[in-house]
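Descriptive structure summary
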Amino acid sequence: MEKPPEATEKHVAVVETPGNERSAWHAALSAAGWAVTCCDTADAAIEQLERAAPDVAVAEIGLQPTGGLELLKLIKARRPRTRVICTARDHELGNVLECLRGGAADYLRRPFEPSQLVRAVDEAAAATPDDEAIDIDIGEMGWIELQMPSSVRCMRRLDKFFRLLYESEVAPDTLEEISLCFTEIVKNAIEWGHRFDASKRILLSHMLFQDEIVFKVKDTGAGFDIGPMLDGAEDLIAMETEREAAGKRPGGLGITLVAGLMDSVIYNATGNMIIMSKKVYDAG
Amino acid sequence: MTRAEQLVRDEPGLARIIESIEQIGSLPTIPAAAQRAMALARDEAASMREIAEVISQDQALAATVLRVVNSAYYGLRQRVGTLPLALTVLGVREITNLVLGVSLLSVFPTSSDSELFSREALWRASAQCAYAAKRLAHSVGLGRLASEAFLGGLVHDIGLIILDEYRHDEFIETLRSARQTGLDPIAAEMDRLGTTHASIGAWLAETWAFPEPLVEAIACHHCPETSSYEPPLAALVYLAELIVTFHNQAGAAEGIAAALDADATWGRLLSLGPPVQQPSSTTAMLEQVCDEIESAPLILGVARSSPR
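Below or above, wherever it landed, is the structure these notes cover. Please read all numbers here as calculations on a predicted model, not as lab measurements. (Residues numbered from 1 in each chain as written. Chains lettered and ligands numbered in written order. Predicted model: local features only at pLDDT ≥ 70, side-chain atom pairs only at ≥ 80, totals over all residues. Heavy atoms only, no water.)

**Considerations on the interface of chain B and chain A**
Facing the 26 residues of chain B at the interface are 29 residues of chain A. Interface area lost by chain B to chain A is led by Arg49(B), Arg77(B) and Thr88(B), which between them contribute 31%. Here chain B and chain A share nine residue pairs in polar contact (both at pLDDT 80 or more) between them. Elements with a minimum of two residues in the side of chain B that touches chain A: helix 4 (48-57) and helix 6 (83-107) of chain B. For the side of chain B that touches chain A, the element with the most residues is helix 6 of chain B, which contributes ten residues. (Contact = heavy atoms within 4.5 Å. Buried area = accessible area lost by both parts, 1.4 Å probe. Polar contact = N/O pair within 3.5 Å; in protein donor to acceptor, adjacent residues only side chain to side chain. Helix = DSSP H or I, 4+ residues; strand = E, 2+ residues; numbered from the N terminus.)

Put into C-alpha cells, the structure is as follows:
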C-alpha cells in the first residue's frame, strides 16, 4: 500500500490490474518524481476520486467490469482538471475517437516502454484547462469538425490523435507529410492569426472521403496576403526577413513547404482560412 | 390528434383540398437526400459520411455543391475541384442546409408564372427567409434552434406551391380578389378556399414526416401567438419573413428596426427570458441578418441554376 500523496507532490493514479507491467510503470513514474497510486479497478479509482483528485490518471480501456472509456467520462465529470491517459491492449479506431471526444489527454497503444508512459504523463500534467478545451461538433471516422484553443499543446494532442486514426489507412510517409502540414498551418493560426491568445478559437475541419484527406483551418485574425508566397517568391528567406522586419505575418517558408507537400492549398480572400488536401491512396 | 387532424377538423376547405390531391394521386414524395439532411439537422443518429455518399452519388447535387463553393460568396482564391474539398469548405451545417434547399426546390419545378404569383420569386423569398431565420436564432441566443429555423424559413410557404400546383385557377382568383379588395391574403384564402396556405403547408409537412415543431411553425407562421410551442420556432419564422419583406421593399436596417420594435411577436419573444436575449443593438443585428438575406439567393440561386 502506497502512502497517500502529499499535497505538494504531483500525483498520478494508475488504474490497471496488478502485474509486471503495472509494477514497471509504478517504478518508472516514482523514479520520475511522481507520487503513484494504483487502483485495481475503475470502481476503486472512482472511490478514490471522491477523496482526492490526481493530476493525471492512467486508465486501461479494456478494464473489467467498468472500462477505461467509462472511467474517462466519470473522471471528466467529477474532476475536470484531472488529465486522463487511456491505454489500449486492443487498439480500435472507435475507441481513439471516443478518447478524443471524451477529453482524454493521450491514448497509448500497448505494449509501450515505461519511459513512454512517463513522457506522456509529464506532458499531460503540463497542459492547462485552456489547452484541453476542444469543442467537437462532429466527431466520426473521416469527418471531424471542432473548435480548438490557440494552444500549441492542444495542436500536438490533436496531431497525435489524427495519426492514430489514420496510421492504418495512410502510408507512413504520407501521414508524416500531412502531419507536418497540419501542424505548420495550425501553428500559423496560433502565432499570427491569434498572437498566442489561447482564448481565441480556431475552427478545424477534417475529412477523409473517397481518396482524399482534407483539412480546413480558420482563425479569427485579420488574415494576410498569401498571394506572393504561393506565387513563388524568388528569395523566400529575404522575403521572410523583410516581412518580419516590417512587423508583418511571415510564414512564407512554411506555406511554400505546405504547398509543395499537399496536392492543393486554397485560401480565402481574407487570408484567414486555408483548405488543403492530399490524395492518400494513389499507390495502388 | 395530430396538428393536421386538428386543422382538417377546423377548416372544411382543407379536407376538400387534401381529398382532391389524393384523388389525383400525384403528391410528390420527399427526396431521400432531403430526408437524410433533415435527420442530420435534427441531430438524429445519421452519419455525416452517409450524406457525403448521398451527394457523391447524385451527380447534379455534387455539381451544385461545387458550384456553390466556387461562387463569390465563399471568396476562395483558387478553384475547388473535388467533392471532399468542397464538403470541407462548406462544413456540416451549410451542407445540410444546401442539400435540403436544393432537394426541396427540385420537388416542385418552376412553372410558367402568372402576373400574380411566381414560384421563382417565392423560392427566392423562402431562401432569404431561411437564412434570415437562422441568423435571427443566433442573434437572440437561440442558436440551438438555428437549423430548424432555417428549415422553417425554407418551407413555411410550401402551401402556396401546393395551391398553385393543384388549385391553380382558384388560387390565382383568390390572389386577384385580395389585391382588388385590399384584403389580407390569408383572410382572402380563408374566405374563398375555407383554409389557408399555412394549414395546407402544415398538412404536407406532416405527410412528409417533418418534425412536430416544424409542422407547428408552418401552421402558425402568420399567427405565432397561437403557437403553443416552446421554443418559439413559429415566432422566428414569422419575424424572419417580416424582416425579409421589409428588406426587399425598403432596405435600410433602421427602418426595419422600427418595424420590428413595433411588432408584438418580437416583444413577446424578447420577454421570454433566458436563453432568449435582446441583441445589444437591433440595428446592428439587422445589418447581419440583411447580409445573410443578400447572400441567400446567391447560395440557393446558384444551386437552383443546376441542370437537374
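**Side note on the sheet that holds strand 11 (residues 273-279) of chain A**
With respect to topology, six strands assemble into an open sheet ordered 6-7-8-9-11-10 (chain A), the strand pairing being antiparallel. Sheet topology places strand 6 (135-140) and strand 10 (264-267) of chain A at the edges, where each strand pairs with a single neighbour. Neighbouring strand axes in the sheet, compared pairwise and without regard to direction, differ in orientation by 15° on average. For strand 10 of chain A and strand 11 of chain A, the ladder comprises four bridges, and the chain directions are antiparallel. Bridge pairing links Val265(A) to Met276(A) in strand 11 of chain A. Where helix 8 (residues 172-193) of chain A meets the sheet, it contacts strand 7 (143-149), strand 8 (201-209), strand 9 (212-218), strand 10 and strand 11 of chain A, and its direction lies at approximately 180° from that of strand 11 of chain A. Seen against the sheet, helix 4 of chain B touches strand 6, strand 7 and strand 8 of chain A and runs at an angle of roughly 60° to strand 8 of chain A. (Pairing = 2+ DSSP bridges. Axes fitted to C-alpha atoms, helices over the stretch in contact; angles between N-to-C directions.)

**A look at the layout of surface pockets**
By volume, the largest pocket amounts to about 1,200 Å³. In terms of lining, the largest pocket is formed by 34 residues, of which the most central are Leu203(A), Lys216(A), Lys218(A), Leu90(B) and Glu94(B). Of all the elements in the fold, those that place two or more residues in the lining of the largest pocket are strand 7, strand 8 and strand 9 of chain A together with helix 6, helix 7 (119-139), helix 8 (146-155) and helix 17 (282-304) of chain B. Considering each element in turn, the lining of the largest pocket owes the most residues, seven residues, to helix 6 of chain B. The residue makeup of the lining of the largest pocket, split by class, is eleven nonpolar, eleven polar and twelve charged. For the second largest pocket, the lining is made up of 26 residues, of which Leu122(B), Asp157(B), Leu160(B), Pro185(B) and Glu241(B) are closest to its centre. Secondary structure elements with two or more residues in the lining of the second largest pocket: helix 7, helix 10 (168-181), helix 11 (185-193) and helix 14 (233-249) of chain B. Of the residues in the lining of the second largest pocket, the class split is 13 nonpolar, eight polar and five charged. (1 Å grid on protein atoms, 1.4 Å probe; cavity = no way out; pocket = protein on both sides within 12 Å on 5 of 7 lines; lining within 4 Å. Points joined across faces, edges and corners; volume = space filled by probe spheres on them. Nonpolar A, V, L, I, M, F, W, Y, C, P; charged D, E, K, R; others polar.)

**Considerations on the packing of aromatic side chains**
Two aromatic rings, taken as a pair, are described by how far apart their centres are and by the angle between their planes. All names here are of chain A. In this structure the tally under the stated criterion is seven aromatic pairs over all chains. Judged by centre distance (5.2 Å) and plane angle (15°), the ring pair of Trp25 and Phe112 falls under stacked. Residue Trp25 is found in helix 1 (residues 20-31), and its partner Phe112 is found in the loop between strand 5 (106-109) and helix 5 (114-126); the two are separated by 87 residues along the sequence. Grouping residues by exposure puts Trp25 and Phe112 together as buried. (Phe/Tyr/Trp six-rings, centres within 6.5 Å; stacked < 30°, edge-to-face > 60°. Buried < 20%, exposed > 50% of the residue type's maximum accessible area, 1.4 Å probe, protein only.)

**What to know about the nonpolar core**
Counting 116 residues, the largest nonpolar core has Trp143(A), Leu87(B) and Leu236(B) as its most contacted members. Among the elements that line this core, the one with the most residues is helix 6 of chain B, at 15 residues. One finds Leu72(A), Val84(A), Phe161(A) and Met276(A) within the second-largest nonpolar core, a separate group that totals 57 residues. (Core = buried A, V, L, I, M, F, W, Y, C linked by side-chain atoms within 4.5 Å.)

**A closer look at the pairing of strand 7 of chain A**
All names here are of chain A. Within strand 7, six of the seven residues are buried, which leaves the element mostly enclosed by the surrounding structure. Here strand 6 runs beside strand 7; their pairing, made up of five bridges, is antiparallel. Each residue of the ladder has a partner; that of Glu140, found in strand 7, is Trp143. Between strand 6 and the antiparallel strand that follows it, strand 7, lie two residues; Gly142 among them carries a positive phi value of about 90°. Where strand 7 lies against strand 8, seven bridges are found, and the strand directions are antiparallel. The partner of Ile144 across the bridge, within strand 8, is His206.

**A closer look at the sheet that holds strand 3 (residues 56-60) of chain A**
Residue and element names in this part refer to chain A. Strand order in the open sheet formed by five strands is 2-1-3-4-5, and the pairing between neighbours is parallel. Of all strands in the sheet, those bounded by a partner on one side alone are strand 2 (35-39) and strand 5. In this sheet, adjacent strand axes meet at a mean angle of 20° when their direction is disregarded. Bridge count between strand 1 (residues 11-15) and strand 2: five bridges; the pairing is parallel. In the sheet register, Val15 faces strand 2, and the bridge partner there is Cys39.

**Quick look at unusual backbone geometry**
The residue after Gln64(A), namely Pro65(A), is reached through a cis peptide bond having omega -5°. Note the cis peptide between Pro274(B) and Pro275(B), where omega equals 5°. Within the secondary structure layout, Pro275(B) lies in the loop between helix 16 (264-270) and helix 17. Notably, Arg195(A) is not glycine yet its phi reads approximately 50°, a positive angle. Here Arg195(A) shows up in the loop between helix 8 and strand 8.

**Observations concerning a negative patch on the surface**
All names here are of chain B. On the surface, a cluster of negative charge is contributed by Glu254, Glu287, Asp291 and Glu294. Tallying contributions element by element places helix 17 first for the negative patch, with three residues. Structurally, Glu254 can be placed in helix 15 (residues 253-261). Exposure remark for Glu254: the relative accessible area of 53% places this residue in the exposed category. (Patch = residues over 30% accessible without salt bridge, like charges linked within 9 Å, V, L, I, M, F, W, Y side chains within 5 Å. Areas by Shrake-Rupley, 256 points an atom, 1.4 Å probe, with all protein chains shown as cover. Salt bridge = Lys/Arg side-chain N within 4 Å of Asp/Glu carboxyl O. Lys, Arg positive; Asp, Glu negative; His and termini not counted. Charge placed at Lys NZ, Arg CZ, Asp CG, Glu CD.)

**Digging into the environment of Ser271(B)**
Residues and elements named next belong to chain B. Along the chain, Ser271 turns up in the loop between helix 16 and helix 17. Ser271 sits in the exposed class, given a relative accessible area of 57%. Ser271 sits 158 residues away from Asp113 along the chain, and the two C-alpha atoms are 42 Å apart. Among the polar contacts listed, one links the side chain of Ser271 to the backbone oxygen of Arg268, at a separation of 2.8 Å.

**Focus on the environment of Leu105(B)**
Residue and element names in this part refer to chain B. Secondary-structure assignment places Leu105 in helix 6. Overall, the relative accessible area of 6% leaves Leu105 in the buried class. Linking Leu105 and Glu53, residues 52 residues apart in sequence, is a C-alpha distance of 20 Å.

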